[in-house]
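Geometric and topological summary
The primary structure of each chain is shown beneath.
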Amino acid sequence: MRMYDIIVDKRNGKELTQEQIAWAVAGYTGGSIPDYQVAAWLMAIYFQGMTERETAWLTDAMAASGELIDLAAIPGIKVDKHSTGGVGDKTTLIVGPIVAACGVPVAKMSGRGLGHTGGTVDKLEAIPGFQTVLPKEEFCRIVREVGIAVIGQSGNIAPADKKLYALRDVTGTVENISLIASSIMSKKIAAGADAIVLDVKTGRGAFMETLEGSLSLAKAMVAIGEKVGRKTIALVTDMDEPLGAAVGNALEVEEAAATLRGRGPEDLQQVCLELAANMLLLAGKGGGHIDGCREMARQALTDGRAFAKLKQMVAAQGGDPSYLEESGSFPAAPLILPVKARISGYVTAIDALAIGNASAVLGAGRLRKEDDIDHRAGLILKKKIGQWVEEGQVLAELHTAAADKGEEGSRLVARAIGIGPAKPQLPLLIHSRVTAAGVEKLAQETGT
Ligand code: URA
């Protein structure tokens, strides 16, 4: 086989064979095919697209390029959850314990934040003592005994994707639905999930800004899941404004714990309950009906079992669960600065991308993978879209260690929040649910 022919076939719009795709991926990962040929191939894919079959074969080849995690030692159907990335997205910390409290094992590998988006591993590391690196046997033991464990993703999961993503990043070939979908799904499949619930974000702070793009991505990932024998459901949820009020690591852990104590923001609670219900459905709970699963998830949240599960997991992974008992327990940032409204009116927009960038500037995020983060840093939104604010009232509270970061963060946050005389239409929180059977519109509004 020659890489040249594979490039030309794709350039001419031909469907590639499974053998061609597997050969190209293995060759690139092993170092026998050079960057320049794979860059040309990616550009041909970018313009010609891939069929559903090709996308599934690419996913398989990337998943098979490294370690395949075997979760067979954990009894039960293991359902994974993945978010395409957002601002204030602390859903794993809430959804995982809800699902585990309902008897479904959660063996989750999560990532770190980069750019304007946060990552679950960084959030968990804000809890003093919490270990996100565990030997595989210990990880499986905790899942078996507690029902849930969350660790950082092993370095050898889908190495082909790591190499291809780095090349896409510098060759203008990131924004292709087949390439994004196969990249995400290859890692989920290699991580050993039996079934997968995807939270595909849409809006300003999301990877896909338009609803149309997010729906296409959701459909592509569900199709891959079905083709490779993993039941998959995708929810398309709003990321025009941040989810909940807290953005930043310790602040988000506090908000997640508060949500599990029944004191969380309405929008965050709604998205988490819907994600949890869909995970329970894929695990065969609730009599196989989504409404039964919704009820199960709500019960586990309201009766405190999910909160108890989070504390058990934190203790099992070396963390101190006493920090979760009440808000304000975590070490505070040295500076807490208000951003005030310059006029009275309705909050008409809270640009999630700009808020995510502001949080990174305050110290909560990293611009490069090797940057350090300040777990105390971030911000708390005091108003959400649709709420009335008086001139001089606090719109957001910024947490940071340095005055210059605070000044830049204040400028970014002030610019990110729009205020106007007319009450805006509230953003739709959960747009749709995509399954193998098709797209169902859910159209749940935010609870503002
Ligand atoms: N996230 C991934 O893991 N891969 C992509 O291609 C895009 C977002």
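Residues numbered from 1 in each chain as written. Predicted model: local features only at pLDDT ≥ 70, side-chain atom pairs only at ≥ 80, totals over all residues. Heavy atoms only, no water.

Throughout the structure, instances matching the rule amount to 29 salt bridges. One salt bridge connects Arg366 with Asp122, and the closest N-O pair in it is separated by 2.9 Å. Residue Arg366 is located in the loop between α15 (352-362) and β9 (378-381), and its partner Asp122 is located in helix α6 (residues 120-124); the two are separated by 244 residues in the primary sequence. Given the relative accessible area of 3%, Asp122 is considered buried. We note a salt bridge from Arg204 to Asp351, for which the minimum N-O separation is 3.0 Å. In this pair, Arg204 sits in the loop between β4 (195-202) and α10 (211-227) while Asp351 sits in the loop between β8 (345-350) and α15, placing the two residues 147 residues apart along the sequence. (Salt bridge = Lys/Arg side-chain N within 4 Å of Asp/Glu carboxyl O. Helix = DSSP H or I, 4+ residues; strand = E, 2+ residues; numbered from the N terminus. Buried < 20%, exposed > 50% of the residue type's maximum accessible area, 1.4 Å probe, protein only.)

As assigned here, the chain comprises domain 1 (3-49), domain 2 (79-325 + 428-445) and domain 3 (335-420). Summarising the inter-unit geometry, the C-alpha centres of domain 1 and domain 2 are found 32 Å apart. Facing the twelve residues of domain 1 at the interface are twelve residues of domain 2. For the domain 1 face of the interface with domain 2, the top three residues by lost area are Tyr28, Leu42 and Tyr46, together amounting to 51%. Here domain 1 and domain 2 share zero salt bridges between them. Seen at the junction of domain 1 and domain 2, the total is one residue pair in polar contact (both at pLDDT 80 or more). Of all the secondary structure elements, the ones that give two or more residues to the side of domain 1 that touches domain 2 are α2 (18-30) and α3 (35-48). Top contributing element to the side of domain 1 that touches domain 2 by residue count: α3, with seven residues. Of the residues that constitute the side of domain 1 that touches domain 2, the class distribution is eight nonpolar, three polar and one charged. (Domains from an automatic or database assignment. Contact = heavy atoms within 4.5 Å. Buried area = accessible area lost by both parts, 1.4 Å probe. Polar contact = N/O pair within 3.5 Å; in protein donor to acceptor, adjacent residues only side chain to side chain. Nonpolar A, V, L, I, M, F, W, Y, C, P; charged D, E, K, R; others polar.)

Since the α-helix advances by 3.6 residues per turn, residues separated by three or four positions end up pointing in the same direction. Taking 1.5 Å as the rise per residue, helix α12 (residues 266-282) with 17 residues should run 24 Å; its terminal C-alpha atoms sit 25 Å apart, in good agreement. Where burial is concerned, most of α12 is hidden: 16 out of the 17 residues are buried. Just beyond α12, the residue with positive phi is Gly284, at close to 85 degrees. (Expected span 1.5 Å × (residues − 1).)

Structurally, the position occupied by Leu42 is in helix α3. For the pair Leu42 and Gln131, spaced 89 residues apart in sequence, the C-alpha to C-alpha distance is 38 Å. Dropping the residues within four chain positions of it, Leu42 is found in contact with Leu164, Leu167, Arg168, Thr173 and Leu179.

With four of its five residues buried, strand β3 (residues 148-152) lies for the most part within the structure. Sheet topology note: the strand β2 (residues 106-110)/β3 ladder contains five bridges and is parallel. Across the sheet, Lys108 pairs through a bridge with Val150, a residue of β3. (Pairing = 2+ DSSP bridges.)

Let us look at the site of the ligand. Near the ligand you find Tyr165, Arg168, Ile180, Ser183, Ile184, Lys187 and Phe207, and these make up its full shell. In the environment of the ligand, an oxygen atom lies 2.9 Å from a nitrogen or oxygen atom belonging to the side chain of Arg168. Here an oxygen atom of the ligand sits 2.5 Å away from a polar atom, N or O, in the side chain of Lys187. Its free accessible area being 240 Å², the ligand has 84% of it covered by the protein chains. Within the residue set of the shell around the ligand, elements represented by two or more residues are α8 (159-171) and α9 (177-190). (Near = heavy atom within 4 Å. Areas by Shrake-Rupley, 256 points an atom, 1.4 Å probe, with all protein chains shown as cover.)

Another point: the sheet that holds strand β12 (residues 417-420). Taking strand neighbours across the sheet as the criterion, the three strands line up as β10-β8-β12 in an open arrangement whose pairing is antiparallel. What marks the edges here is a single partner per strand, and that holds for β10 (388-389) and β12. Two strands pair when backbone bridges link them, and β8 and β12 are joined in this way by four bridges, in the antiparallel orientation. The residue of β12 that forms the bridge with Ile350 is Ile417. Packed onto the sheet, helix α16 (residues 403-416) meets β8 and β12 and runs at close to 40 degrees relative to β12. (Axes fitted to C-alpha atoms, helices over the stretch in contact; angles between N-to-C directions.)

Within the chain, Ala158 stands out as a residue other than glycine whose phi angle is a positive 45 degrees. Take Ala158: it is sitting in the loop between β3 and α8.

Summed over the entire model, instances satisfying the criterion amount to zero disulfides. With no disulfide of its own, Cys102 lies 8.6 Å from the sulfur of Cys293, the closest cysteine sulfur. (Disulfide = S-S within 2.5 Å.)

Take the side chain of Thr400 next. With respect to the helices and strands, Thr400 occurs in strand β11 (residues 394-400). Overall, Thr400 belongs to the buried group, its relative accessible area being 0%. One polar contact links the side chain of Thr400 to the main-chain carbonyl oxygen of Leu362, over a distance of 2.8 Å. With near-sequence residues (within four places) excluded, Thr400 lies in contact with Ala333, Pro334, Leu335, Leu337, Leu362, Lys405 and Gly406.

The geometry of helix α1 (residues 3-11) relative to α3 is characterised by a closest axis approach of 8 Å and an angle of 20 degrees between their N-to-C directions. The orientation of α1 with respect to α3, classified from their angle, is roughly parallel. You can see that α1 and α3 cross each other, and the crossing is left-handed. Mapping the contact onto sequence places Met3, Tyr4, Ile6, Ile7, Lys10 and Arg11 in α1 and Gln37, Ala40, Trp41, Ala44, Ile45 and Gln48 in α3. (Parallel < 35°, antiparallel > 145°, perpendicular 65-115°, else oblique. Left-handed = near helix turned anticlockwise from the far one by under 90°.)

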